[in-house]
Amino acid sequence: MRNGAQRQSSSGRSRANTSSHDLQAVVAGLRGEVRFGAPLRDYTSFRIGGPADVLVIPVDVDDLSRLIKQAHAAKVPVFAIGGTNLLVRDQGIRGVVVSLSRLKAIKDESDGVIYAEGGVVMPTLMRHAITRALSGLEWAAGIPGTVAGCVVMNAGTRLGEMKDAVKAVRVVDPLGRVIDCPANAIQFSYRRALLPRGIVVGVWLQLKPAQREKIERVIKEYLRYRKNTQPLTLPNAGCVFKNPEHNTAGRLIEAAGLKGARVGDAQVSEKHANFVVNLGQASAGDVIALIKKVGRTVEQQTGITLELELKIVGQP
Ligand code: EPU
């Protein structure tokens, strides 16, 4: 999913304390939506998270470039959120949070190549590929994340992963410049991608012609599997931990007797132990306490240290 968060700027330039004057300068002249103090719980699949100092939804890549340049000049940090493989802390995120939800164009190029803007969500992209009888994204069936989020974390399932289809990536760098980066310059590994610094705003995907019925059959079967094994009806952020080598986090957590364990309204799913679900009013603090308990118990019982897949961001 992760879809996750992309961190912009840094290079020692960003400042922790941002005045409202700085923020006004950062958002001056933007054409997209600007919301001061936006509660990030409204923008995450977990339905958890404190406020952003300011949330911006740029209308296009030029609008985003302008924002990045102005943020750089004011030394204000910028985070891009997809929102699905993400836990935002209760104190929220200082500086600018960017949502790419208006970057939604999909363009067909030649020979099975599709360009998708970063804010396109995987179900929409998959439907687009199906109608053109193009195969290569079936693994993503049921993943609610954005294209950009899936690239940044090299999202995947047992059927495949993002890197299998990526041909090139378009990034807006910390100076607001648009850079296109071919896949062979990106180091992908299990749920990781080493990309140029900046915000992913679009991806070229190389897909393969296939029979539409065959693609649909694979997707249908896989969606059924997910529905039977994952808690899709409660707010969650996908798998919490990466699978350790030769094992799965879900199996280890279940064997440790933790299915159903709770802190406040955060619960280890009864259906799949590698998911934490929000039963209603869970705070980020509840989720973090629960995750720590799970990690500690599994380590005590098996000696295996689970590594987080979930990305935790925001003010500690
Ligand atoms: N299992 C248990 N108990 C559980 C859950 C699973 O014993 O509570 C066992 C299952 O019985 C099975 C094995 O663990 O033998 C694997 O389970 P599953 O097929 O559900 O897959 P997973 O390894 O737990 C991975 C991805 C999922 C993806 C599924 C299906 C990771 C960390 N997780 O889960 O991705 O949906 O395969 O393809 O790689 C995500 O990335 O957010 C995510 C959920």
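Cut-off values and rules
- Residues numbered from 1 in each chain as written.
- Predicted model: local features only at pLDDT ≥ 70, side-chain atom pairs only at ≥ 80, totals over all residues.
- Heavy atoms only, no water.
- Near = heavy atom within 4 Å.
- Polar contact = N/O pair within 3.5 Å; in protein donor to acceptor, adjacent residues only side chain to side chain.
- Areas by Shrake-Rupley, 256 points an atom, 1.4 Å probe, with all protein chains shown as cover.
- Axes fitted to C-alpha atoms, helices over the stretch in contact; angles between N-to-C directions.
- Helix = DSSP H or I, 4+ residues; strand = E, 2+ residues; numbered from the N terminus.
- Parallel < 35°, antiparallel > 145°, perpendicular 65-115°, else oblique.
- Contact = heavy atoms within 4.5 Å.
- Nonpolar A, V, L, I, M, F, W, Y, C, P; charged D, E, K, R; others polar.
- Domains from an automatic or database assignment.
- Buried area = accessible area lost by both parts, 1.4 Å probe.
- Pairing = 2+ DSSP bridges.
- Salt bridge = Lys/Arg side-chain N within 4 Å of Asp/Glu carboxyl O.
- Buried < 20%, exposed > 50% of the residue type's maximum accessible area, 1.4 Å probe, protein only.
- Core = buried A, V, L, I, M, F, W, Y, C linked by side-chain atoms within 4.5 Å.

J.: For the site of the ligand, give the residues involved together with the corresponding values.
T.: Taken together, 21 residues form the shell around the ligand, and within it Y222, Y225, C239, E254 and E309 come nearest. The separation between an oxygen atom of the ligand and a polar side-chain atom of T248 is 2.9 Å. Contacts to the ligand include E309, whose side-chain N or O atom sits 2.7 Å from an oxygen atom. Computed on the free molecule, the ligand has an accessible area of 820 Å², of which 80% lies beneath the protein chains in the complex.

J.: Hey, could you go over the packing of helix α3 (residues 122–131) against helix α5 (residues 212–229) for me, with residue numbers and the actual values?
T.: Across the interface, α3 lies against α5 with an axial gap of 9 Å and an inter-helix angle of 150°. In terms of orientation, α3 lies roughly antiparallel with respect to α5. Note on element contacts: α5 touches α3 through R212, I215, E216 and I219, opposite M126, I130 and T131. Classifying every residue of the contact of α3 with α5 gives 4 nonpolar, 1 polar and 2 charged.

J.: Which residues make up the domain arrangement of the protein, and what are the values?
T.: On domain assignment, one finds that the protein holds domain 1 (6–99), domain 2 (106–214) and domain 3 (233–313). Placing a centre on the C-alpha atoms of domain 1 and another on those of domain 3 gives a separation of 28 Å. Facing 12 residues of domain 1, the contacting portion of domain 3 comprises 19 residues. For the pair domain 1 and domain 3, the summed buried area comes to about 1,400 Å², and 61% of that belongs to carbon and sulfur atoms. Per-residue buried area on domain 1 facing domain 3 is highest for F46, N85 and L87; these three make up 48% of the total on that side. Our count for the domain 1 to domain 3 interface comes out at 9 residue pairs in polar contact (both at pLDDT 80 or more). For the side of domain 1 that touches domain 3, the element with the most residues is strand β5 (residues 86–88), which contributes 3 residues. A per-class count over the side of domain 1 that touches domain 3 returns 6 nonpolar, 3 polar and 3 charged.

J.: Explain the sheet that holds strand β8 (residues 113–117) to me, and be specific about the residues and the numbers.
T.: If you trace the 5 strands from one edge of the open sheet to the other, you get β7-β8-β16-β12-β13, paired in antiparallel fashion. On the outer flanks of this sheet lie β7 (106–108) and β13 (178–182), each paired with one strand and no other. For this sheet, the mean angle separating the axes of adjacent strands, direction not counted, is 20°. In this sheet, strand β16 (residues 199–206) lies alongside β8 in antiparallel orientation, the contact comprising 5 bridges. The residue bridging Y115 from the neighbouring strand is W204, located in β16. Along the sheet, α3 contacts β7, β8 and β16; its crossing angle with β7, the most-contacted strand, is approximately 20°.

J.: Residues and numbers for the pattern of salt bridges, please.
T.: One pass over the structure, following the stated rule, counts 13 salt bridges. Here D173 ties to R177 by a salt bridge, and the two come within 2.7 Å at their closest N and O atoms. Here R177 falls in the partly exposed class, since its relative accessible area comes to 48%. A salt bridge links R262 to D265, with the nearest nitrogen and oxygen atoms 3.0 Å apart. We classify R262 as partly exposed; its relative accessible area is 46%.

J.: For the nonpolar core, give the residues involved together with the corresponding values.
T.: Core analysis: the largest hydrophobic core is formed by 59 residues, its most contacted members being L64, V96, M122, L125, L137, M162 and V166. Considering every element that reaches this core, the biggest residue donor is helix α2 (residues 61–74), with 6 residues. Here this core gathers at least three residues from each of two domains, domain 1 (6–99) and domain 2 (106–214). With sequence-adjacent residues up to four places away left out, L137 is seen in contact with M122, L125, M126, A129, A165 and L207. Listed in part, the 26 residues of the second largest apolar core include I48, L87, A266 and I291.

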